Amino acid sequence: MTYRWGVIGPGNIAQTFADALNVLPQGELYAVASRNAQRGQDFVLKNGAKVLHSSYQALIDDPKVDLVYIATPHSHHYPVARAVLAAGKHLLLEKPLTVNAAQTRELVKLAEQNNCVFQEALWSRFMPCFAKVKAWIEQERIGKLQYITSQIGFVFNGEPSHRLLNPALAGGSLLDLGVYSVSISQYLLGEHPVGVSALATPVGEKVDHNTFVTLQYDSGVVSQFVSTIDAHCSNVMTIHGSEGYIHVPGRFWEGNACSLFVDGAPIDKSFETQQFTHQANGFEYQIAATMQLIGGSTLSDKRMSHADSIGVMDTLDRIRHALGLHYSSEIEAL
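Residues numbered from 1 in each chain as written. Predicted model: local features only at pLDDT ≥ 70, side-chain atom pairs only at ≥ 80, totals over all residues. Heavy atoms only, no water.

**Here's the deal with helix α8 (residues 284–294)**
Since the α-helix advances by 3.6 residues per turn, residues separated by three or four positions end up pointing in the same direction. With 8 of 11 residues buried, α8 lies mostly within the body of the structure. Burial in α8 covers these residues: E284, Q286, I287, A288, A289, T290, M291 and L293. Against the buried residues of α8 lie β1 (3–8), α1 (12–21), β2 (27–33), β4 (67–70), β5 (90–94) and β6 (118–121). G296 occupies a position one or two residues after α8 and carries a positive phi of about 100°. (Buried < 20%, exposed > 50% of the residue type's maximum accessible area, 1.4 Å probe, protein only. Helix = DSSP H or I, 4+ residues; strand = E, 2+ residues; numbered from the N terminus. Contact = heavy atoms within 4.5 Å.)

In structure tokens form, the structure reads like this:
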């Protein structure tokens, strides 16, 4: 069976999605909806979609659309996703799912009521790189896990209206970037934090710029990360154990490589390194997983359950509470 996809919000992320879908024969880019007619038309022509809809609802109502991918700013995910699920359409929703955990819970409830596949598009969670890292941890290749560290971010000098700087679009580094550190830590540990502490600089900004977070888990493991839109950083993740460590190099969320270092190995040579080449760009894993779920597969390697998505959003809520970071009632509302 070929699944016909509809894309809502044809921006840069949607183009990455389209490039990945193109290598999967079981999926077809069928329809596109955009509030910007020219952008929508350009996307259709570039990617060979059959239909351009002038409104999101028109795409949702299209009986030939089997499932929907939403790539609008996360500040506006909730109302559009709610409309998709209410119509009984399957949904792959770009990360983070929503602005807060209450919205995520409502979408999960709606998906279950309407028997829809509802998947979070946190692409790293579906990559073979992180499956390998998790296997090394479970095999105790680095001994007893102690702590995880990661950095994610860059210097952003865009206009104040840009989504990263605009509080009306739930801007800042945490929801856009820090979500990777939270979600991958959750996947590797298989648990959610019992303790959360955080601070952000500069103090008093309407969105978080440099955000420093410590997550404490019931197992005793600690995950610490920095997310930033104000600084250059290494963009690496390291998982530290009692007998060695695992290193995921720069732009760790892209899952291109991981290295295992063990006690006693030569200091200038990793004990084992794995390189991963994606068929397209890395988005293909989550797209394929979503279509497998629609086909009735239990998908033994599914790495982003509803409980995981809710737990990650709960953690992001707790971090925002620690930072005193609030958005408008309009985008926080159910």
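Now that the structure is up, let's keep going.
**Looking at the state of the cysteines**
Tallied over the full model, the rule gives 0 disulfides. A disulfide-free cysteine, C233 has its sulfur positioned 18 Å from the sulfur of C129, the nearest such atom. You can see C258 has no disulfide; the closest cysteine sulfur is in C129, sitting 4.1 Å from it. (Disulfide = S-S within 2.5 Å.)

**Some points on the packing of helix α6 (residues 128–138) against helix α7 (residues 173–189)**
Here α6 crosses α7 at 45°, and the two axes come no closer than 9 Å. Considered as vectors, α6 and α7 are oriented oblique to each other. Of the two possible hands of crossing, α6 and α7 adopt the one that is right-handed. Counted together, F130, A131, V133, K134 and I137 of α6 and I184, Y187 and L188 of α7 form the full contact between these two elements. Here the contact of α6 with α7 is composed, by residue class, of 7 nonpolar, no polar and 1 charged. (Axes fitted to C-alpha atoms, helices over the stretch in contact; angles between N-to-C directions. Parallel < 35°, antiparallel > 145°, perpendicular 65-115°, else oblique. Left-handed = near helix turned anticlockwise from the far one by under 90°. Nonpolar A, V, L, I, M, F, W, Y, C, P; charged D, E, K, R; others polar.)

**As for the nonpolar core**
Judged by nonpolar contacts, the single largest core of 77 residues is most densely connected at I239 and I287. By residue number, the principal contributor to this core is α7, which donates 10 residues. Residues contacting I239, with those up to four places away along its chain left out, are V133, I137, I142, L145, Y147, I148, L188, G244, Y245, I246 and V248. The next biggest cluster of nonpolar side chains, apart from the first, holds 25 residues, and it includes Y56, I60, V84 and L97. (Core = buried A, V, L, I, M, F, W, Y, C linked by side-chain atoms within 4.5 Å.)

**A closer look at the pairing of β6**
The alternating pattern of β6 places F118 and E120 on one face and Q119 and A121 on the opposite face, and all of these are buried. Here β5 runs beside β6; their pairing, made up of 4 bridges, is parallel. Along β6, the bridge assignment pairs L93 with E120. (Pairing = 2+ DSSP bridges.)

**Concerning the environment of A33**
Inspection of the secondary structure assignment puts A33 in strand β2. Classification of A33 by relative accessible area gives buried; the value is 0%. Discounting residues that sit within four places of it in the chain, A33 has contacts with V7, I8, G9, P10, H53, S55, Y56 and L59.

**A few points about the pattern of salt bridges**
As enumerated under the stated definition, the model contains 11 salt bridges in all. Here K134 makes a salt bridge to E138, at a shortest N to O gap of 3.7 Å. Of this pair, K134 and E138 both sit in helix α6, 4 residues apart, which is roughly one turn of that helix. Residues R251 and E254 are paired through a salt bridge, measuring 2.7 Å at the closest nitrogen-oxygen approach. When its relative accessible area of 44% is taken as the criterion, R251 is described as partly exposed. The exposure class of E254 is buried, given its relative accessible area of 19%. Residues joined in a network through salt bridges with shared partners are D317, R320 and E332. (Salt bridge = Lys/Arg side-chain N within 4 Å of Asp/Glu carboxyl O.)

**Some details on the packing of aromatic side chains**
Inspection of the entire model under this criterion finds 6 aromatic pairs. Summarising the aromatic geometry, the rings of F17 and Y69 are spaced 4.1 Å apart at their centres and angled 5° between planes, so their arrangement reads as stacked. Remark: Y69 occurs in strand β4 and F17 occurs in helix α1; sequence separation between them is 52 residues. Each member of the pair F17 and Y69 is classed as buried. (Phe/Tyr/Trp six-rings, centres within 6.5 Å; stacked < 30°, edge-to-face > 60°.)

**Some words on the sheet that holds β4**
Sheets are built from strands that pair by backbone hydrogen bonding, the pairs being arranged parallel or antiparallel. Strand order in this open sheet of 6 strands is β3-β2-β1-β4-β5-β6, and the pairing throughout is parallel. Looking at the sheet topology across the chains shown, the edges are occupied by β3 (51–53) and β6. The sheet shows a mean angle of 25° between the axes of neighbouring strands, taken without regard to direction. In this structure, β4 lies alongside β5, joined through 4 bridges in parallel fashion. Directly across from V68, in β5, lies its bridge partner L91.

Everything listed is a geometric property; what it means functionally is a separate question.
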